[in-house]
Amino acid sequence: MAAVMDIDSSFEIGENYNPNQSSQNETTNKPTAAKKATKKSSKTIEETYQKKTQLEHILLRPDTYIGSTEPLTQPMFVLNAETNRIAQRDVTYTPGLYKIFDEIVVNAADNKQRDPNMDRMEVTVDAESGTISVLNNGKGIPVVMHKEHNCYVPTLIFGHLLTGSNFDDDEKKTTGGRNGYGAKLANIFSTEFIVECVDSNEGMKFKQVFRNNMHVKEDPKVKKCTAAELKKGDYTKITFKP
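Residues numbered from 1 in each chain as written. Predicted model: local features only at pLDDT ≥ 70, side-chain atom pairs only at ≥ 80, totals over all residues. Heavy atoms only, no water.

## Looking at the overall build of the protein chain
Rule in force here: The numbering of helices and of strands both runs from the N terminus, where a helix is a DSSP run of H or I of at least 4 residues and a strand a run of E of at least 2. Exposure is judged per residue with a 1.4 Å probe applied to protein chains only, and the accessible area is read against the type maximum: over 50% gives exposed, under 20% gives buried, and values in between give partly exposed. Contact definition: two residues touch when any of their heavy atoms are within 4.5 Å. Working definition of accessibility: Shrake-Rupley area with a 1.4 Å probe, residue cover restricted to the visible protein chains.
For the protein chain, the count of helices and strands is eight helices and eleven strands. Across the 242 residues of the protein chain, 29% fall into the buried class. Restricting to contacts in the protein chain with at least 6 residues of sequence separation, those with at least 24 account for 52%. Working note: accessible area of the protein chain is about 17500 Å², and carbon and sulfur atoms make up 50% of it.

Below you can see the structure in the form of structure tokens.
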């Protein structure tokens, strides 16, 4: 009885194939394989082995830091505005966009832990301009120069990677964030990112604009607060355009 062997359709037999010459073909093909192995790559050593800055790496591999930047559809429980009831339906969203929005909202909510007197948090989404703003009226960020890093504290915590106030592991953690990325990721994945805050302790008002994925940093504008501004009290407002 003849044996039957199925051959994968992707496997092609050449016109000159001779099963009796298999050993000869193997010998003949060895030099060709060696030539392919020694063929020089078209890339230089510098192009093959690269080193990226932290900012470059975040933009190059966003999924490592904020998740996917591709739209995702999945069932979720959401508020039906017409019935004012929670209902399940398919929602299409971008995980990366949700993440950077969440980072800013969590920052604002965490301020309630630091300042029990905080009683207002405003989230505004302007679909026409594509901007999102989050404001809280808790204790303001100190508008003072950081002596070690020679920049204002708001600049340090929103415009420099691996910065923050949660690096003391001896303290009990009651707020979000511990790796020094947080709100900076929202800055990096935005075409415009604006920081505004009032520090009533110092009597100073701060504003700084970042552009083009945090590549452009405008000089901060620092002014003394007016009596009316001091009366309104502290606040921190972040406005960004993803």
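## Comments concerning the side chain of Asp234
Which entries qualify depends on this criterion: Only four residue types enter the charge count, namely Lys and Arg as positive and Asp and Glu as negative; His and the chain termini do not. The rule for a salt bridge is simple: a side-chain nitrogen of Lys or Arg has to be within 4 Å of a carboxyl oxygen of Asp or Glu. N or O atoms within 3.5 Å of each other form a polar contact, as long as, within protein, one can give a hydrogen and the other can take it, and as long as residues adjacent in sequence are counted only when both atoms are side-chain atoms.
Relative to the elements of secondary structure, Asp234 occurs in the loop between helix H8 (227-232) and strand E11 (235-241). In this structure, Asp234 is buried with no salt-bridge partner, the nearest side chain bearing the opposite charge being Lys139 at 5.0 Å. A polar side-chain atom of Asp234 sits 2.8 Å from the main-chain amide nitrogen of Gly140. In this structure the side chain of Asp234 is engaged in a polar contact, spanning 2.5 Å, whose partner is the side chain of Ser200.

## Section: the pairing of strand E3 (residues 121-126)
The cut-off we apply is this: Strands pair, by our definition, only if DSSP identifies at least two bridges between them.
Sheet topology note: the E3/strand E4 (residues 131-136) ladder contains six bridges and is antiparallel. In the strand pairing of E4, Thr124 is matched with Ser133. Turn length for the E3-E4 hairpin, with the two strands adjacent in sequence and antiparallel, is four residues, and the turn residue Gly130 shows positive phi of about 75°.

## As for the packing of aromatic side chains
Quick reminder of the rule: Note on ring pairs: Phe, Tyr and Trp rings are taken, using the six-membered ring of Trp, and paired if centres are within 6.5 Å. Classes follow the plane angle, with under 30 degrees stacked, over 60 edge-to-face and the rest tilted.
This model, assessed by the stated rule, comprises six aromatic pairs. With centroids separated by 6.3 Å and ring planes inclined at 65°, the aromatic side chains of Phe193 and Phe210 adopt a geometry described as edge-to-face. Of this pair, Phe193 sits in strand E7 (residues 192-199) while Phe210 sits in strand E8 (residues 204-211), placing them 17 residues apart in sequence. Ring pairs connect the aromatic residues Phe158, Phe193, Phe210 and Phe240, which therefore count as one cluster.

## Regarding a nonpolar patch on the surface
To keep things clear, this is the line we draw: What makes a patch is a set of residues exposed beyond 30% relative accessible area and free of salt bridges, joined within 9 Å when like-charged and within 5 Å when nonpolar (Val, Leu, Ile, Met, Phe, Trp, Tyr).
A cluster of nonpolar side chains, namely Phe77, Leu79 and Ile86, defines an oily patch on the protein surface of about 370 Å² accessible area. Within the fold, Phe77 resides in strand E1 (residues 72-80). What makes Phe77 exposed here is its relative accessible area of 62%.

## Brief notes about the nonpolar core
This is how the line gets drawn: As used here, the term nonpolar core means buried Ala, Val, Leu, Ile, Met, Phe, Trp, Tyr and Cys residues forming a set that is joined through side-chain atoms within 4.5 Å.
Counting 28 residues, the largest nonpolar core has Ile104 and Phe193 as its most contacted members. When contributions to this core are tallied by element, the ones reaching two or more residues are helix H3 (54-60), helix H5 (95-114), E4, helix H6 (153-159), helix H7 (183-188), E7, E8 and E11. Not counting residues within four places of it along the chain, the set of residues in contact with Phe193 comprises Ile104, Phe158, Ala183, Ala186, Asn187, Gln208, Val209, Phe210, Ile238, Thr239 and Phe240.

## Brief notes about the pattern of salt bridges
Going through the model one piece at a time under the given rule, you end up with five salt bridges. Taking the shortest distance from any N to any O, the salt bridge between Arg120 and Glu122 comes out at 2.5 Å. Owing to a relative accessible area of 36%, Glu122 belongs among the partly exposed residues under this scheme. Note that Glu229 and Lys205 form a salt bridge whose closest N and O atoms lie 2.9 Å from each other. Taken together, the residues Glu229 in helix H8 and Lys205 in strand E8 connect sequence positions 24 residues apart. Overall, Glu229 belongs to the partly exposed group, its relative accessible area being 22%. Of the residues examined, Lys205 reaches a relative accessible area of 29% and is grouped as partly exposed. Overlapping salt bridges, with partners in common, bring together Glu192, Arg211 and Glu218 in one network.

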